[in-house]
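Coordinate inspection notes
If you want the building blocks of each chain, they are given just below.
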Amino acid sequence: MRWLGPILLAALVAALAYVAALWATPHVIMAKAMETLGAGSVNVMRHQGLPNAESRFVVRPSPDLAYSICVFDLAKGPVAIDAFVPPQRYWSLSVFDANTDNIFSVNDRTATGRYALTLSKDGTGGSLAVPGGKGIALIRILVTDAEDLAAIDTLRRRSTCAPA
C-alpha cells in the first residue's frame, strides 16, 4: 500500500511527458524544417535542383521531382503564391501549417497551368486560412529526364511567394 502513491505519481508524470512529447514533436520538427529550408528568408520562393543522395533533411525526396519551396510567415499580412507549372505533366502544390498538417493540396488533375493562392491567418476574401500563420508551401513538378529540367526550370522559376 505504501508504494501506491509513488507508483501513481510516476504513472501521472509518465502520462504527462507522453502527451507533451506528442504535442511538441510536430512543432519542433516543423520549426527546424522551416529554419533550414527557408535559409533565413521567409515569403520567398526558393527553387531547388533535382534531389540527390544528400538531399534528405526532412524526408526522402523523389529524385524525379523538381521542388520549389516557400517558408511563409503571415505575421505582417497575407502571402500570395503564384505557381507556374507545365501543362500535361504531373505537378502539385501543397501547403503545410506549422503543426505539419497538410491543409491544402492541388495538382494537375484538378487544375491546369498557372495556379494562384493567397494565404491568410483568418481566411478572409477567399484566401486559405493557415492556423498559426506559419508554414511551408511546396511545389513539385515531375521531371522525366534531365533534358526536361531546363524547360521546366524556366517556367517554375516564374513562381513566386510574396506578401499580398
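Going along each chain's sequence as written, the residues are numbered from 1 onward. Owing to the predicted nature of the model, reporting of local features is limited to residues with pLDDT of at least 70; listing and counting of side-chain atom pairs is limited to 80 or more, with chain, interface and lining totals taken over all residues. Working from all heavy atoms in the structure, the side-chain values ignore hydrogens and water.

Our focus in this paragraph is the environment of Asp-64. Locating Asp-64 in the fold gives a position in the loop between strand E1 (45-47) and strand E2 (65-73). C-alpha separation for the pair Asp-64 and Leu-149, spaced 85 residues apart in sequence, amounts to 9.8 Å. For Asp-64, the residues in contact, after removing those within four places along its chain, are Ile-141, Leu-142 and Val-143. Segments assigned H or I by DSSP are reported as helices when at least four residues long, segments assigned E as strands when at least two residues long, and all are numbered from the N terminus. Should any heavy atoms of two residues lie within 4.5 Å, those residues are counted as being in contact.

It is worth spelling out helix H2 (residues 146-156) at this point. Listed as buried for H2 are Asp-148, Ile-152, Asp-153 and Arg-156. Angular distribution of buried residues about the axis of H2 spans 130°; they occupy a single face of the element. Those residues of H2 that are exposed and aimed more than 90 degrees away from the buried face are Glu-147, Ala-150, Ala-151 and Thr-154. The secondary structure elements touched by the buried residues of H2 are E1, E2 and strand E8 (134-142). Taking the backbone nitrogen of Glu-147 as reference, a side-chain oxygen 3.0 Å away marks Asp-145 as the first, capping residue of H2. Using a 1.4 Å probe on the protein chains alone, a residue whose accessible area is under 20% of its type maximum counts as buried, one over 50% counts as exposed, and one in between counts as partly exposed. Here, the arc refers to the directions that run from the helix axis to the C-beta atoms. Two N or O atoms form a polar contact when they lie within 3.5 Å of each other; inside protein one atom must be a possible hydrogen donor and the other a possible acceptor, and for residues adjacent in sequence the pair counts only when both atoms belong to side chains.

Our focus in this paragraph is the nonpolar core. Nonpolar cores are built from buried Ala, Val, Leu, Ile, Met, Phe, Trp, Tyr and Cys residues. Side-chain atoms within 4.5 Å join them into one set. Of all hydrophobic cores here, the largest spans 25 residues; its most connected members are Phe-72, Leu-93, Val-95 and Leu-119. Within the residue set of this core, elements represented by two or more residues are E2, strand E3 (79-83), strand E4 (91-97), strand E5 (102-107), strand E6 (115-120) and E8. Excluding residues within four positions of it along the chain, Leu-93 makes contact with Ile-81, Phe-104, Ser-105, Val-106, Tyr-115, Leu-117, Ala-137, Leu-138 and Ile-139.

pLDDT expresses, on a scale from 0 to 100, how confident the predictor is about each individual residue. When pLDDT is averaged across the protein chain, the result is 86; 89% of the residues are at 70 or more. Highest mean pLDDT in the protein chain belongs to strand E7 (residues 128-129) (97); lowest belongs to helix H1 (residues 4-38) (80).

Right, let's get into the packing of aromatic side chains. We describe a pair of aromatic rings using the distance from one ring centre to the other and the angle between the two ring planes. Ring pairs are drawn from Phe, Tyr and Trp, using the six-membered ring of Trp, whenever the two centres fall within 6.5 Å, and their geometry is named by plane angle: stacked under 30 degrees, edge-to-face over 60, tilted for the rest. Under the counting rule described, the total for this entry stands at 2 aromatic pairs. With a centroid separation of 6.5 Å and 45° between ring planes, the pair formed by Trp-91 and Tyr-115 is classed as tilted. Of the two residues, Trp-91 sits in strand E4 while Tyr-115 sits in strand E6, which places them 24 residues apart along the sequence. Ring pairs connect the aromatic residues Trp-91, Phe-104 and Tyr-115, which therefore count as one cluster.

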